Amino acid sequence: MVTIDLSDKTALVTGGAGGIGKACAETLSRAGAAVAVADIDIGGAQKTAASLANGKAFGCDMGNPASIRELCSSLSSWFGTPDILVHCAGLISYRKGLQAVDLEQWDTVLDVNLRGAFLLCRELLEPMKKKGWGKIVHFSSLAARVGGIEAGVHYATSKAGLIGLVRTMAKEAAPHGINVNAVAPGIIATKPVLAQIEDHKSDYEQSIPMRRVGLPQDVADTVLFLCSPLSDYITGITVDINGGMYMG
Ligand SMILES: NC(=O)c1ccc[n+]([C@@H]2O[C@H](COP(=O)([O-])OP(=O)(O)OC[C@H]3O[C@@H](n4cnc5c(N)ncnc54)[C@H](O)[C@@H]3O)[C@@H](O)[C@H]2O)c1
């Protein structure tokens, strides 16, 4: 029997109040990890953390550099440097056409989704290197692969930028025993997505080769694999999780 045992590991899951982040926190916790749940929605993070065997909630705004620094220093007083980082926090934004995205919206989405990921990793990578073992998973998107279907240009650009961040970080981190990968979910049934596709969900269900939208658990299971020793020789890649909508 193959088991994934993370009982001696600590994990930071950002965006842990939301649909996919919550599933990731629960899944890593079931594998035995102590899980810090960070989110701008502190109430939601507390709810998720309370449902875990060994979880703790932290407030953090990924768009705010000071808040990211503060999160990392609060973490060190709870469990030190995380072994695992699942950076799931992100702003999904639906817009049609370049004219529909103003400068403020562009900056907000890029700051949260892309700059936040860079700043968080800049804080954590050096202490993680010292541990000589680590797993980092970022959240890209199908929108980065095929262009935004309904999501705006700012969102698709931020998620495409993450793929470059992942590949570059992967090369730096690999000699230190740290794997850096990303997942690129397709259409996953979470609150913001279900609200957007409410009146045309069945169109997706008919066009997706697997004939269903994804579930948060579909993504969390892949994240667990990328956080486990089963993926030790995989780094710098982006795993597509989309029921066959895009196959690389
Ligand atoms: N659901 C999908 O179909 C889908 C597809 C591709 C990619 N993704 C990505 O997966 C991740 C999770 O998405 P989801 O569908 O679970 O959405 P969600 O809205 O349920 O979860 C996102 C979480 O990020 C948090 N967040 C937002 N802004 C933040 C900020 N400034 N600082 C800290 N936390 C912040 C939210 O509070 C929320 O809890 C996102 O990065 C999203 O872009 C989702």
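This report concerns the structure included in the present document. Bear in mind the structure is a predicted one, so any value in this text is a computation, not a measurement. (Residues numbered from 1 in each chain as written. Predicted model: local features only at pLDDT ≥ 70, side-chain atom pairs only at ≥ 80, totals over all residues. Heavy atoms only, no water.)

## Topic: the packing of aromatic side chains
- Applying the stated rule across the entire model yields two aromatic pairs.
- Relative to Trp78, the ring of Phe58 has its centre 6.2 Å away and its plane inclined at 50°; by these criteria the two rings are tilted. Taken together, the positions of Phe58 in strand S3 (residues 55–59) and Trp78 in helix H3 (residues 65–78) put the pair 20 residues apart, joining distant regions of the chain.
- Judged by its relative accessible area of 7%, Phe58 is buried.
- Trp78 sits in the partly exposed class, given a relative accessible area of 28%.
- Among the aromatic residues, ring-to-ring pairing joins Phe58, Trp78 and Phe79 into one connected group. (Phe/Tyr/Trp six-rings, centres within 6.5 Å; stacked < 30°, edge-to-face > 60°. Helix = DSSP H or I, 4+ residues; strand = E, 2+ residues; numbered from the N terminus. Buried < 20%, exposed > 50% of the residue type's maximum accessible area, 1.4 Å probe, protein only.)

## Describing the site of the ligand
- Every one of the 29 residues lining the ligand counts as a neighbour, but Asp39, Met62, Tyr155, Ile188 and Thr190 are closest to it.
- The backbone of Gly90 places a nitrogen or oxygen atom 3.4 Å from an oxygen atom of the ligand.
- One of the backbone N or O atoms of Gly186 is found 3.1 Å from an oxygen atom in the ligand.
- Considering the ligand on its own, with 810 Å² of exposed area, one finds that the protein chains cover 90% of that surface. (Near = heavy atom within 4 Å. Polar contact = N/O pair within 3.5 Å; in protein donor to acceptor, adjacent residues only side chain to side chain. Areas by Shrake-Rupley, 256 points an atom, 1.4 Å probe, with all protein chains shown as cover.)

## As for the nonpolar core
- Leu12, Leu71, Leu120, Ile136 and Val180 are the most contacted members of the largest nonpolar core, which totals 32 residues.
- Of all elements in the fold, only strand S2 (34–39), H3, helix H4 (103–131), helix H6 (153–173) and strand S6 (178–185) reach the threshold of two or more residues within this core.
- A per-element tally of this core places H4 first, with eight residues.
- With residues up to four places along the chain from it excluded, the contact list for Val180 reads Ile136, His138, Val166, Met169, Ala170, Ala173, Thr235, Gly236 and Ile237.
- Listed in part, the 29 residues of the second largest apolar core include Ala31, Val86, Leu226 and Cys227. (Core = buried A, V, L, I, M, F, W, Y, C linked by side-chain atoms within 4.5 Å. Contact = heavy atoms within 4.5 Å.)

## Some thoughts on the pairing of strand S1 (residues 10–14)
- Most of S1 sits inside the fold, with five of its five residues counted as buried.
- Neither face of S1 is left uncovered, since the one carrying Thr10, Leu12 and Thr14 and the one carrying Ala11 and Val13 both have all their residues buried.
- As defined by bridge partners, S1 adjoins S2 across five bridges and the pair is classed as parallel. When the sheet's bridge partners are listed, Val13 is paired in S2 with Val37.
- For the crossover that starts at S1, traverses helix H1 (residues 19–30) and ends in the parallel S2, the hand is right-handed.
- Taken together, the four bridges between S1 and strand S4 (residues 84–87) define a ladder with parallel strand orientation. If you follow Val13 over to S4, its bridge partner there is Val86. (Pairing = 2+ DSSP bridges. Right-handed = clockwise from strand over helix to strand, strands pointing away.)

## Considerations on the sheet that holds S1
- Overall, parallel pairing links the seven strands, which are arranged S3-S2-S1-S4-S5-S6-S7 in an open sheet. With one partner strand each, in any of the chains shown, S3 and strand S7 (238–241) form the two edges of the open sheet. When strand polarity is set aside, the average angle formed by the axes of neighbouring strands in this sheet is 20°.
- In terms of strand pairing, S2 meets S3 through five bridges, oriented parallel. Looking at the pairing, Val35 lines up with Gly55 of S3. (Axes fitted to C-alpha atoms, helices over the stretch in contact; angles between N-to-C directions.)

## What to know about the pattern of salt bridges
- The full count for this structure, using the stated rule, is 10 salt bridges.
- The salt bridge partner of Glu205 is Lys201, with a shortest N-O separation of 3.0 Å. One end of the pair, Glu205, and the other, Lys201, are both in helix H8 (residues 201–207), four residues apart, so they sit about a helical turn from each other.
- On the basis of relative accessibility, which here comes to 25%, the residue Glu205 falls in the partly exposed class.
- Residue Lys201 is classed as partly exposed on the basis of its relative accessible area, which comes to 28%.
- The network of salt bridges with shared partners includes Glu126, Lys129 and Glu172. (Salt bridge = Lys/Arg side-chain N within 4 Å of Asp/Glu carboxyl O.)

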